[in-house]
Amino acid sequence: MNENVHVLNHPLLQHKLTILRNENTSTKDFRELVSEIAMLMTYEATRDLPLEEVTVKTPVDTGTFQTLSGKKMAIVPILRAGLGMVDGVLKMIPAARVGHIGLYRDPATLKPVKYYCKMPADIASRDVLIVDPMLATGGSASAAITFMKEYGCKHIKLMDVLAAPEGIERIQQEHPDVEIYVAAVDSHLNDHGYIVPGLGDAGDRIFGTK
Ligand SMILES: O=c1ccn([C@@H]2O[C@H](COP(=O)(O)O)[C@@H](O)[C@H]2O)c(=O)[nH]1
Ligand SMILES: O=P(O)(O)OP(=O)(O)O
Ligand SMILES: [Mg+2]
């Protein structure tokens, strides 16, 4: 793993992730935890946001202080599972726009199939944060990054709760310019492309569809 991969091993993230992994965790708790984890991860993924100085009159004196320079951002969840992270990210970056990419993994080939796409009109001028709880083979994330590049996006980050080494390697090879933020990297993928030990199918667990 190179310097573009950020494994955010904060104790709060690890604690919440362990609850996510438990097969007995309810749909309600799973959904809330994914959102909380996304919020905490956003804190780290936005560490390099540019600041500018403003003059502010406090009740005591006038001073020069720092404020976000107003960089335009877009969050792009990979449907469905990525939707579970949107609220958490928006709590940290409320002015961000949201674009959607619908992708599902063909269970036989494990290749991503695109079924939906809707982006803000000015997406090319925005910094993009692609979110999906799971980076498994990396096929879905790599396709999503390629779409965003086709839209003209220049600054793209990828944020996943959990990754497999295979997925990280693929993104590094196919999109070496993209910074990756994950809370943990698990052992490997099983024959069905699921992360081991992982947490199962994130979309099904967020929406209670299994
Ligand atoms: O353990 C897993 C593995 C994958 N998913 C879902 O699949 C895609 C990511 O798979 P890629 O192979 O990286 O394309 C992701 O969107 C998840 O929805 C999963 O839920 N659990
Ligand atoms: O990647 P998939 O097929 O698991 O899709 P979803 O996020 O809709 O569960
Ligand atoms: Mg799924």
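Keep in mind that what you see is a predicted model, and the values were worked out from it rather than measured.

**Focus on the UniProt feature "domain: Phosphoribosyltransferase" (unreviewed entry) in the protein chain**
UniProt records the feature "domain: Phosphoribosyltransferase" (unreviewed entry) at residues 7-209, using the numbering of this structure. In residues 7-209, the share of helix is 33% and the share of strand is 31%. The end C-alpha atoms are 29 Å apart.

**Some remarks on the coordination of the magnesium ion (ligand 3)**
The coordination sphere of the magnesium ion (ligand 3) contains the protein donors Asp-201 (OD) and Asp-201 (OD), at a distance range of 2.3 to 2.4 Å. For Asp-201, the location among the structural elements is in the loop between strand S13 (195-196) and helix H6 (202-207).

**Concerning the site of ligand 1**
Surveying the vicinity of ligand 1 reveals 16 residues, the closest of which are Asp-132, Thr-137, Ser-140, Gly-200 and Ala-202. Arg-105 places a polar side-chain atom, nitrogen or oxygen, 2.8 Å from an oxygen atom of ligand 1. Between ligand 1 and the protein, one listed contact pairs an oxygen atom with a side-chain N or O atom of Asp-132 at 2.5 Å. When isolated, ligand 1 has an accessible area of 460 Å², and the protein chains bury 94% of it. Elements with a contribution of two residues or more to the shell around ligand 1: strand S9 (134-135) and helix H4 (139-150). In terms of residue class, the shell around ligand 1 is made up of seven nonpolar, six polar and three charged.

**So, the pairing of strand S6 (residues 100-105)**
In terms of strand pairing, strand S4 (residues 73-79) meets S6 through two bridges, oriented parallel. Counterpart to Ile-78 in the pairing with S6 is Ile-101. Note: S6 against strand S7 (residues 112-118), six bridges, orientation antiparallel. Directly across from Gly-102, in S7, lies its bridge partner Tyr-116. In textbook terms, the turn of a hairpin is the stretch between consecutive antiparallel strands, and for S6 and S7 this stretch comprises six residues, one of which, Leu-110, has a positive phi near 65°.

**Thoughts on the pattern of salt bridges**
The full count for this structure, using the stated rule, is 12 salt bridges. Two residues, Asp-122 and Lys-72, come together in a salt bridge whose shortest N-O distance is 3.3 Å. Of the two residues, Asp-122 sits in the loop between S7 and strand S8 (127-131) while Lys-72 sits in the loop between strand S3 (62-68) and S4, which places them 50 residues apart along the sequence. Its relative accessible area of 25% is what places Asp-122 among the partly exposed residues. Classification of Lys-72 as partly exposed rests on a relative accessible area of 35%. For Arg-80, the salt bridge identified is with Asp-204, shortest N-O distance 3.1 Å. On the criterion of sequence distance, the pair formed by Arg-80 in the loop between S4 and helix H3 (83-92) and Asp-204 in helix H6 is long-range, its members being 124 residues apart. Exposure remark for Arg-80: the relative accessible area of 33% places this residue in the partly exposed category. Judged by its relative accessible area of 12%, Asp-204 is buried.

**Section: the environment of Asn-22**
One can find Asn-22 in the loop between helix H1 (11-21) and helix H2 (27-45). The sequence separation of Asn-22 and Glu-32 amounts to 10 residues, and the corresponding C-alpha distance is 14 Å. Only 2.8 Å separates the side chain of Asn-22 from the backbone nitrogen of Asn-24, close enough to count as a polar contact.

**Structural notes on the site of ligand 2**
With respect to spatial proximity, the complete set of residues near ligand 2 consists of Leu-79, Arg-80, Ala-81, Tyr-104, Arg-105, Asp-201 and Gly-203. Arg-80 is positioned such that a nitrogen or oxygen atom in its side chain is 2.7 Å from an oxygen atom of ligand 2. Measuring from an oxygen atom of ligand 2, one finds a backbone N or O atom of Ala-81 at 3.1 Å. Considering ligand 2 on its own, with 280 Å² of exposed area, one finds that the protein chains cover 77% of that surface. Counted by class, the shell around ligand 2 contains three nonpolar, one polar and three charged residues.

Rules of the game
Residues numbered from 1 in each chain as written. Chains lettered and ligands numbered in written order. Predicted model: local features only at pLDDT ≥ 70, side-chain atom pairs only at ≥ 80, totals over all residues. Heavy atoms only, no water. UniProt positions renumbered as here; feature names shortened; annotations may be inferred. Helix = DSSP H or I, 4+ residues; strand = E, 2+ residues; numbered from the N terminus. Donors = N, O, S within 2.8 Å, 3.2 Å for Na, K, Ca; no water. Near = heavy atom within 4 Å. Polar contact = N/O pair within 3.5 Å; in protein donor to acceptor, adjacent residues only side chain to side chain. Areas by Shrake-Rupley, 256 points an atom, 1.4 Å probe, with all protein chains shown as cover. Nonpolar A, V, L, I, M, F, W, Y, C, P; charged D, E, K, R; others polar. Pairing = 2+ DSSP bridges. Salt bridge = Lys/Arg side-chain N within 4 Å of Asp/Glu carboxyl O. Buried < 20%, exposed > 50% of the residue type's maximum accessible area, 1.4 Å probe, protein only.

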